[in-house]
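What follows is each chain in one-letter form.
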Amino acid sequence: MATTREQAVEAIRAQAERDAGRSALDFLTTEERRLEQCLLEGAGLTFDFSKHDISLDGFAALLGLAAAVGIENAIAALGRGDIVNLTEGRAAQHMALRGGGKDEVRKAQSKAELDRALDFAGELRSGTFTSSTNEAFTHILHIGIGGSDLGPRLVHDALSSPHAPVDVRFLSSVDPDAFERATSGLDPATTLVFIVSKSFSTPETSLNTRTAISWLEAGLEGGIGRHLVAATSRPDAARALGISDDRIFEVWDWVGGRYSLWSCVSLSVMAAIGREEFERLLAGARRMDEHFLQARTSANAPVVAALTAWWHRAIHGRQSWAVVPYATHLRLFPGWLKQLSMESLGKSVTIGGEPLAVPAGPVVFGGEGPDGQHAFFQLLHQGREAIPVDIIAFACGGERRHRNALLANAVAQAEALLSGRSEAAALAELAAKGMDDEQARALASHMVMPGGRSSTFILGQELDAESLGALLAFYEHQTFVLSVLLGINAFDQFGVELGKQLAEKLEREWMAGEVGQHDASTKALIRQIRHYQGG
Ligand code: F6P
């Protein structure tokens, strides 16, 4: 009889009890085959899982869970384009966007739309598509939020050069300062407004679009039609804004917003980095798709990564997960991953609507490595709660001394998290500095670092379009596998709706000078805002 999820979880708990008190350092010393089994390769990236506080028997038990939840079938279903988003009755075919997976119909559909977008981006780059004043466009104002912003913004920041023929400004927030900042120094005559909204009804994007249209109208004598382009699954709504069909690019309801960066949603990025570079990004992601669809579970990097995440969350109740890229070009990566992971996994019920037996996705935070070391790493090393860390680094690129200093820091942090510093070691250090015994004893306990803190080290040869594509696809797949392990739907986000509805209601009341039905605290807040506004 096949093992059930509950039996597999029980087996993992039993193994965790047997391993209690043992650390990864201990496993590294005693388990001969640990490195062989914990070092994985996928799409040109190396994944080192050996520093997790999971014994090889623990990994075997976790693989038992993967088998019990039918991970191979789940991955195959995703690849085929089956309906995996059950609450909304949709497939999740982000793999098809980049030519990956097995859904030939959607792959062809994606390719055709992508080619249109790449052609149009090429015309912007060469200046063949001109503005209403017959000038080449120098800037694109990319308006979108959430998945319609974070992915393209990250890829643009990572891959564009200051010499790009077209510069992109991103606008997501409705803060009036955001609009000011995004349009500062721009000339409407040479600015293309690119509206990105799958639903074409997101309030922030609608308001920013209206303001951008007024800004264009105020700055342009002729029509603004040539200045408006949209990416959406609602072409009718884009048409209603006066955007012509040849400048509307389609995304489909079988693509989740946070998984859409591979599509025409990134048209602005295509204009900045060019066709070849964008195609390399897709090729990298496709390589990761192939790895994900083909590798056996024990050698499948996204699967093993998800199993480690499940272990920290479900077995040890570790709430947080830090992601630390040692790459300036990936400084926006934690922001992108926050949406991908927390919007996908921040759930409390199973696909069947039952309360979850174990906590769902972790709180994701992070930042660029060197800056993080001088900010939140103190908590990682000495805070009471253990926080698993993903460290991302690249072996080559740029000036050698800087590269090696960066790498030394990345590797040293993983090592320090693992080995820590004992009280005896602290005392010896202080004695070597000439401190007397009494003072040293008083200080040593503050210097103790428990060690045994788990990390995954992800190493690439060089950060380029291809390795970036592979890295982002890796995290998409890890998120999906974790959702399967948890038994939740990774592709809906009902939790974001209520706040949206209440904001719309409040805005209507505000404009009408009314205060509707609200709790006492909310009413007091509204009164205080009005007081500050002099109303
Ligand atoms: O925050 C909710 C959300 O629906 C995200 O999932 C999505 O990425 C974002 O809003 C933007 O949605 P749209 O592309 O429809 O404007």
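Look up: the structure comes first, before these words.
Residues numbered from 1 in each chain as written. Predicted model: local features only at pLDDT ≥ 70, side-chain atom pairs only at ≥ 80, totals over all residues. Heavy atoms only, no water.

### Topic: the side chain of asparagine 300
Part 1 of the reasoning: In this structure, asparagine 300 sits in the loop between helix H13 (275–294) and helix H14 (301–315).
Part 2 of the reasoning: Each residue touching asparagine 300, except ones within four places of it in the same chain, is listed here: Leu40, Ile75, His291, Phe292 and Ala295. (Helix = DSSP H or I, 4+ residues; strand = E, 2+ residues; numbered from the N terminus. Contact = heavy atoms within 4.5 Å.)

### Description of the nonpolar core
Part 1 of the reasoning: Ranked by size, the top nonpolar core spans 116 residues in total, and within it Trp310, Phe333 and Tyr475 carry the most contacts.
Part 2 of the reasoning: Take this core: its biggest share by element is 14 residues, from helix H21 (residues 465–486).
Part 3 of the reasoning: Beyond its immediate chain neighbours, meaning those up to four positions away, tyrosine 475 contacts Trp321, Phe333, Trp336, Leu337, Leu340, Asp390, Ile392 and Ile458.
Part 4 of the reasoning: Judged by nonpolar contacts, the second largest core, of 22 residues, contains Leu141, Ile143, Phe200 and Ala238. (Core = buried A, V, L, I, M, F, W, Y, C linked by side-chain atoms within 4.5 Å. Buried < 20%, exposed > 50% of the residue type's maximum accessible area, 1.4 Å probe, protein only.)

### Overview of the packing of aromatic side chains
Part 1 of the reasoning: Taken as a whole and assessed by the stated rule, the structure comprises 14 aromatic pairs.
Part 2 of the reasoning: Both rings, one in phenylalanine 47 and one in phenylalanine 474, keep their centres 4.5 Å apart while their planes meet at 35°; by these two values the pair is tilted. Pair noted here: phenylalanine 47 is in strand E2 (residues 45–48) and phenylalanine 474 is in helix H21, with a separation of 427 residues, a long-range link.
Part 3 of the reasoning: A relative accessible area of 0% places phenylalanine 47 in the buried class.
Part 4 of the reasoning: Where phenylalanine 120 meets phenylalanine 249, the ring centres are 5.8 Å apart and the plane angle is 40°; that geometry is what we call tilted. One end of the pair, phenylalanine 120, is in helix H7 (residues 104–126); the other, phenylalanine 249, is in strand E9 (residues 248–250), and 129 residues separate them in sequence.
Part 5 of the reasoning: When its relative accessible area of 1% is taken as the criterion, phenylalanine 249 is described as buried. (Phe/Tyr/Trp six-rings, centres within 6.5 Å; stacked < 30°, edge-to-face > 60°.)

### Overview of the side chain of glutamine 373
Part 1 of the reasoning: The topology assignment puts glutamine 373 in helix H16 (residues 369–373).
Part 2 of the reasoning: The contact partners of glutamine 373, leaving out residues within four places of it in the chain, are Tyr326, Asn409 and Gln413.

### Some thoughts on the pattern of salt bridges
Part 1 of the reasoning: The tally for this structure, following the rule as stated, stands at 29 salt bridges.
Part 2 of the reasoning: A salt bridge links lysine 347 to aspartate 492, with the nearest nitrogen and oxygen atoms 2.9 Å apart. Of this pair, lysine 347 sits in the loop between helix H15 (333–345) and strand E11 (363–366) while aspartate 492 sits in the loop between H21 and helix H22 (497–512), placing them 145 residues apart in sequence. Each member of the pair, lysine 347 together with aspartate 492, is buried.
Part 3 of the reasoning: One connected set of salt bridges, linked through shared partners, spans Lys111, Asp115, Asp119, Arg275 and Glu279. (Salt bridge = Lys/Arg side-chain N within 4 Å of Asp/Glu carboxyl O.)

### Observations concerning the sheet that holds strand E7 (residues 191–196)
Pairing between sheet strands relies on hydrogen bonds along the backbone, with the strands arranged either parallel or antiparallel.
Part 1 of the reasoning: Strands sit in the order E6-E5-E7-E8-E9 across an open sheet of five strands; the sheet is parallel. A single partner strand is all that each edge strand has here, and the edge strands are strand E6 (167–171) and E9. Mean inter-strand twist for the sheet, computed between neighbouring axes without regard to direction, equals 20°.
Part 2 of the reasoning: As paired elements, strand E8 (residues 228–232) and E9 share three bridges and run parallel to each other. Within the sheet, the bridge partner assigned to alanine 231 lies in E9 and is phenylalanine 249.
Part 3 of the reasoning: On top of the sheet, helix H8 (residues 150–159) reaches strand E5 (139–143) and E6; it is set at about 145° to E6, its chief contact.
Part 4 of the reasoning: Along the sheet, helix H9 (residues 176–183) makes contact with E5 and E6, crossing E6 at roughly 175°. (Pairing = 2+ DSSP bridges. Axes fitted to C-alpha atoms, helices over the stretch in contact; angles between N-to-C directions.)

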